[in-house]
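A structural walkthrough
What follows is each chain in one-letter form.
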Amino acid sequence: MASLNGNDDDLTIPRAAINKMIKETLPNVWVANDARELVVNCCTEFIHVISSEANEICNKSEKETISPEHVIQALESLGFGSYVSEVKEVLQECKTVALKRRKANSRLENLGIPEEELLRQQQELFAKARQEQAELAQQEWLQMQQAAQQAQLATASASASNQAGSSQNEDDEDDI
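Figured I'd write up the structure that's included with this text. Nothing here was measured: the structure is a model prediction, and the numbers come from that model.

Right, let's talk about the overall build of the protein for a bit. Across its full length, the protein carries six helices and zero strands. In sequence order, the protein lays out its α and β elements as α-α-α-α-α-α. Sorting the 176 residues of the protein into buried and exposed places 13% on the buried side. Residue pairs at least 24 apart in sequence account for 38% of intrachain contacts in the protein once pairs closer than 6 positions are excluded. Surface exposure of the protein reaches about 14400 Å², of which carbon and sulfur atoms provide 54%.

Okay, here's the thing in structure tokens:
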């Protein structure tokens, strides 16, 4: 077994997955912890043997990726041919689920709007955002100009008040 080496301890099936399968398969049966551990080890070893054989078949066919066909051939060559029809059914279910998932994740397909229309709408939104940004910048500039004018008026008014006040003081001194 692969896990007896001590270095393959991290290469096991998650125990929660095995426990769930055991409960679903045998709902009214209590299974001891060592039996559950044995099932985990057997499953891990089975997967290791099948994947090794599939890898050899893959290498013999000068391929770099193990395909489902390689796994099916491995099952047959290891004497598990009776499982092939069920494996093919599960493979077809997996392909169907994966296809549905890919379609569900494709937001463009779900919208029903051609890509050209989406690009046009995006460009309109960008143009609108640029226009709004320019208007905000223009308003800020105008506010700064007004504030500067008010500051100049306030300075001029204060200066005029100071001049008026100092000429008043001079007139008052002349009277003395």
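What follows deals with the nonpolar core. Within the largest apolar cluster, seven residues are counted, these being Ile50, Ala54, Ile57, Ile72, Ala74, Leu75 and Val84. Elements supplying a minimum of two residues to this core: helix 2 (33-60) and helix 3 (68-77). When neighbours within four sequence positions are excluded, alanine 74 is seen to be in contact with Ile50, Glu53, Ala54 and Ile57. In this structure, Ile13, Ile18, Val31 and Val40 belong to the second largest nonpolar core, which totals five residues.

Here the focus is the side chain of threonine 44. Looking at where threonine 44 falls in the secondary structure, it is placed in helix 2. Take threonine 44: its relative accessible area is 11%, and that puts it in the buried class. In this structure threonine 44 touches Leu11, Thr12 and Ile13, once residues within four positions along its chain are discounted.

Take the environment of threonine 12 next. Residue placement: threonine 12 occurs in the segment before helix 1 (15-25). Sequence separation between threonine 12 and asparagine 41 is 29 residues; the distance between their C-alpha atoms is 7.2 Å. Each residue touching threonine 12, except ones within four places of it in the same chain, is listed here: Val40 and Thr44.

On to the state of the cysteines. Throughout the structure, instances matching the rule amount to zero disulfides. Residue cysteine 42 stays outside any disulfide, its sulfur separated by 7.0 Å from that of cysteine 43, the closest cysteine. Taking the relative accessible area as the measure of exposure, cysteine 42 reaches 41% and is therefore partly exposed.

Moving on to the packing of helix 2 against helix 3. Interhelical geometry of helix 2 versus helix 3 gives an angle of 110 degrees and a closest axis separation of 8 Å. In terms of orientation, helix 2 lies roughly perpendicular with respect to helix 3. The handedness of the crossing between helix 2 and helix 3 is right-handed. Contacts between helix 2 and helix 3 involve Phe46, Ile50, Glu53, Ala54, Ile57 and Cys58 on the former and, on the latter, His70, Val71, Gln73, Ala74, Leu75 and Ser77.

On inspection of all chains with the given rule, the structure shows three salt bridges. The shortest N-O distance in the salt bridge between arginine 15 and glutamate 37 comes to 2.8 Å. Here glutamate 37 lies in helix 2 and arginine 15 lies in helix 1, a separation of 22 residues in the sequence. The exposure class of glutamate 37 is partly exposed, given its relative accessible area of 31%. One salt bridge in this structure joins glutamate 124 and arginine 120, with 2.0 Å as the shortest N-O distance. Taken as a pair, glutamate 124 and arginine 120 lie in helix 6 (residues 115-175) at a separation of four residues, close to a single helical turn. Residue glutamate 124 is classed as partly exposed on the basis of its relative accessible area of 44%. The exposure class assigned to arginine 120 is partly exposed, which follows from its relative accessible area of 39%. Through salt bridges with shared partners, a single ionic network connects Glu117, Arg120 and Glu124.

The rules we used
Throughout, a residue's number is its position along its own chain's written sequence, starting from 1. The predicted nature of this model means local features are confined to residues of pLDDT at least 70 and side-chain atom pairs, given and counted, to a pLDDT of 80 or more, with totals for whole chains, interfaces and linings taken over all residues. Side-chain descriptors were evaluated using all non-hydrogen atoms of the structure, hydrogens and water having been removed beforehand. Each helix is a run of H or I in the DSSP string that is no shorter than four residues. Each strand is a run of E no shorter than two, and both are numbered from the N terminus. Whether a residue is buried, partly exposed or exposed follows from its accessible area with a 1.4 Å probe, protein chains only, as a fraction of its type maximum: under 20%, in between, or over 50%, in that order. The contact rule is simple, with two residues in contact once any of their heavy atoms fall within 4.5 Å. We get accessible surface area from the Shrake-Rupley algorithm with a probe of 1.4 Å; when it comes to residues, only the shown protein chains can shield them. The set of buried Ala, Val, Leu, Ile, Met, Phe, Trp, Tyr and Cys residues whose side-chain atoms join them within 4.5 Å is what this entry labels a nonpolar core. Pairs of cysteine sulfur atoms within 2.5 Å are what we label disulfides. Angles here are taken between N-to-C directions and fall from 0 to 180 degrees, while the axes themselves are lines fitted to C-alpha atoms, restricted in helices to the stretch in contact. In what follows, roughly perpendicular refers to angles from 65 to 115 degrees, roughly parallel to angles under 35, roughly antiparallel to angles over 145, and oblique to any angle outside these ranges. By definition, any crossing whose near helix is turned counterclockwise from its far helix by less than a right angle is left-handed, and any crossing with a clockwise turn is right-handed. By definition, a salt bridge exists where a carboxyl oxygen of Asp or Glu is found within 4 Å of a side-chain nitrogen of Lys or Arg.

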